[in-house]
Amino acid sequence: MDRRDFLKGAVYGCSLAASPLVTPVSFAATPGEGRLVVIILRGAMDGLGVVTPYGDPDFSTLGRPLVDLDGGALDLDGRFALHSALGGLAPLWTAGELGFIHAVSTPYRDKRSHFDGQDQLEAGVGPSSEMPQDGWLNRVVQALPGAHSDMAYAIGSDPFLILKGDAPVSRWTPEADLHLSPQALDLTQRVMASDPAMSAALASAFDLADRDGDGLAFTGDSRQMMAAMRDDMMSPAQRRAAGATLAQFAGERLRNDARIACYSLTGWDTHKGQERVLPLALDQLQQSILTLKETLGAAAWGQTAVVAVTEFGRTARWNGTGGTDHGTGGAVVLAGGAVRGGRVVADWPGLAEPDLYERRDLMPTRDTRAHLAWLLQGLFGLDRDELERSVFPGVDMGADPALLL
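In this report, we go over the structure that sits alongside the text. (Residues numbered from 1 in each chain as written. Predicted model: local features only at pLDDT ≥ 70, side-chain atom pairs only at ≥ 80, totals over all residues. Heavy atoms only, no water.)

## Comments concerning the overall build of the chain
Point 1. Regarding its fold elements, the chain presents twelve helices and 14 strands.
Point 2. A total of 405 residues make up the chain; the buried ones form 55% of that total.
Point 3. Across the chain, contacts joining residues at least 24 apart in sequence account for 76% of those joining residues at least 6 apart.
Point 4. Summed over all atoms, the accessible surface of the chain reaches about 16,600 Å², with 52% contributed by carbon and sulfur. (Helix = DSSP H or I, 4+ residues; strand = E, 2+ residues; numbered from the N terminus. Buried < 20%, exposed > 50% of the residue type's maximum accessible area, 1.4 Å probe, protein only. Contact = heavy atoms within 4.5 Å. Areas by Shrake-Rupley, 256 points an atom, 1.4 Å probe, with all protein chains shown as cover.)

## Quick look at the pairing of strand β11 (residues 304-310)
Point 1. Among the seven residues that make up β11, seven are buried, leaving the element largely enclosed by the rest of the structure.
Point 2. Burial along β11 is two-sided: the face carrying T304, V306, A308 and T310 and the face carrying A305, V307 and V309 are both buried.
Point 3. Relative to β11, strand β3 (residues 35-41) runs parallel, the two sharing seven bridges. Directly across from V37, in β11, lies its bridge partner V306.
Point 4. Pairing of β11 with strand β12 (residues 330-335) involves three bridges; the strand directions are antiparallel. Each bridged residue has a counterpart across the sheet, and for A308 the counterpart in β12 is V333. (Pairing = 2+ DSSP bridges.)

## Quick notes on helix α11 (residues 368-380)
Point 1. Spanning 13 residues, α11 covers 18 Å between terminal C-alpha atoms, matching the ideal 18 Å at 1.5 Å per step.
Point 2. By the burial criterion, the buried members of α11 are T368, R369, A370, H371, L372, A373, W374, L375, L376, L379 and F380.
Point 3. The positive-phi residue at the C-terminal boundary of α11 is G381, with phi of around 70 degrees. (Expected span 1.5 Å × (residues − 1).)

## Examining the pairing of strand β2 (residues 25-28)
On a regular strand, one side chain projects to one face of the sheet and the next to the other, so that they alternate.
Point 1. The two faces of β2 match: V25 and F27 on one face and S26 and A28 on the other face are all buried.
Point 2. Of the strand pairs in this sheet, β2 and strand β8 (residues 170-172) are connected by three bridges, and their pairing is antiparallel. Note that in β8 the partner of S26 across the bridge is R171.

## Brief notes about the side chain of T368
Point 1. If you trace the backbone, T368 turns up in helix α11.
Point 2. Classification of T368 by relative accessible area gives buried; the value is 7%.
Point 3. For T368, the contacting residues outside a window of four places in its chain are V104, S105, T106, V309 and V332.

## A few points about the packing of helix α5 (residues 136-143) against helix α12 (residues 384-391)
Two packed helices can be described by the angle between their axes and the distance between those axes.
Point 1. At a minimum axis distance of 10 Å, the contact between α5 and α12 shows a crossing angle of 135 degrees. With respect to each other, α5 and α12 are oriented oblique. For the element pair α5 and α12, the recorded crossing hand is right-handed. The segment α5 lies against α12, with W136, R139, V140 and A143 engaging E386, S390 and V391.
Point 2. Classifying every residue of the contact of α5 with α12 by side-chain character gives four nonpolar, one polar and two charged. (Axes fitted to C-alpha atoms, helices over the stretch in contact; angles between N-to-C directions. Parallel < 35°, antiparallel > 145°, perpendicular 65-115°, else oblique. Left-handed = near helix turned anticlockwise from the far one by under 90°. Nonpolar A, V, L, I, M, F, W, Y, C, P; charged D, E, K, R; others polar.)

## A word on the layout of surface pockets
Point 1. In this structure, the second largest pocket occupies an estimated 360 Å³ of space.
Point 2. Those elements giving two or more residues to the lining of the second largest pocket turn out to be α2 (47-50), β6 (81-82) and α10 (274-301).
Point 3. Here the lining of the second largest pocket is composed, by residue class, of eleven nonpolar, six polar and four charged. (1 Å grid on protein atoms, 1.4 Å probe; cavity = no way out; pocket = protein on both sides within 12 Å on 5 of 7 lines; lining within 4 Å. Points joined across faces, edges and corners; volume = space filled by probe spheres on them.)

## Details of the sheet that holds strand β4 (residues 51-52)
Point 1. Taken in spatial order, the three strands make up an open sheet running β4-β6-β5, and their pairing is antiparallel. Of all strands in the sheet, those bounded by a partner on one side alone are β4 and β5 (74-75).

## Side note on the pattern of salt bridges
Point 1. Taken as a whole, this structure holds 18 salt bridges when the rule is applied.
Point 2. Across the pair R35 and E33 runs a salt bridge whose closest N-O atoms are separated by 3.5 Å.
Point 3. A network of salt bridges, in which partner residues are shared, links R112, E358, R360 and D361. (Salt bridge = Lys/Arg side-chain N within 4 Å of Asp/Glu carboxyl O.)

## Observations regarding the environment of L41
Point 1. Of note, L41 is situated in strand β3.
Point 2. Residue L41 is classed as buried on the basis of its relative accessible area of 0%.

## Some thoughts on the packing of aromatic side chains
Point 1. In the structure shown here, the tally under the stated rule is four aromatic pairs.
Point 2. Centre to centre, the rings of W136 and F392 are 5.0 Å apart; their planes meet at 45 degrees, and the pair counts as tilted. A residue pair is termed long-range when its members are at least 10 positions apart, and W136 in helix α5 and F392 in the segment after α12 qualify at 256 residues. We note that W136, like F392, is buried. (Phe/Tyr/Trp six-rings, centres within 6.5 Å; stacked < 30°, edge-to-face > 60°.)

## A look at α5
Point 1. With six of eight residues buried, α5 is to be regarded as a mostly interior element.
Point 2. Among the residues of α5, those classed as buried are W136, L137, N138, R139, V140 and V141.
Point 3. Buried-residue contacts for α5 involve β2, β3, α4 (114-123), β10 (260-265), α11 and α12.

## Structural notes on the environment of Q120
Point 1. Within the secondary structure, Q120 is located in helix α4.
Point 2. Look at Q120 and you get buried, because its relative accessible area is 7%.
Point 3. For the pair Q120 and M131, spaced eleven residues apart in the sequence, the C-alpha separation amounts to 7.9 Å.
Point 4. Setting aside residues up to four positions removed in sequence, Q120 forms contacts with T106, Y108, V125, G126, P127 and M131.
Point 5. At 2.8 Å, the side chain of Q120 forms a polar contact with the backbone oxygen of V125. (Polar contact = N/O pair within 3.5 Å; in protein donor to acceptor, adjacent residues only side chain to side chain.)

Below, the structure is given as structure tokens:
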């Protein structure tokens, strides 16, 4: 059901509040108990700023702010420190439910375009491959026998590439909401009653629209309804951080039939003023992870792996505007009761200028896709040949990094 088309002829009775930059949540139900949440950090997260290699003797030559272990930064292992804005995740680190992978990247190189980099990440292919029409997560669902769609109808914008493809998935967009007058609500239900499929779709749409706590019925006049639309457009930010909103709904679905969820968080492009911008993005990620854990509950959280990935890293050196430019090597965030946390997994290349990629970026020493493939094998039992040939064509998984318990 397309709510925009449905509402187009009934403006007097309802309003749709939706950001033009909506963030869909995509789901797929798969056999088994393993659960995977993929969070795409759009804008290129600065891995060196999030998991800082303060123990590297060349770190101090990069012009970056020094790590303040007395000011909130968390010493992870004597080599790396976690940004203070993720301090709320410290208990997860202690419990072995939080970890990081460093000095990694997809095969994308040099052009450093957000759009190209994100497409490469979501497609899961190398630079010499033709861009496929589906994403690697959809190919995972295609490879799992008995996989089926968790929900029958998609609400909101088109899905992003990572879950696009032939396998059935479902979507929900939290920014979209419905307001119907009691008369319009009654009329709509009567019209749809004679068609079981449409009636079921309408009931599902109403249920999803009601997920954010807003009631469907609206009793005001047209002026008040327009005011409600304006309020509703602001309400996600007023009620809670977007990351927590997405995570709560994802957690609810994963606690039941869904086994794969994917959504994106924005705000990671830190060309200038990084010390002000990065903590805001990190707080959203932190809220998202903590909300996932709370919503899933202990049993489901114990079978869940959360992986946060970004299109590429950022320059090793601080630039003249207190930020970092598009780079290459970066970091991946891991969380969940199923992960072997409490460690930073890295074949560390060093930060001396000759060790940097093109003498400017952190050198990637392993393909991000290889780590993702090992997660998929552990969670869903996919064959290595299937992963290297179909899910991530051309990847060499290499040795098992033992990311899962």
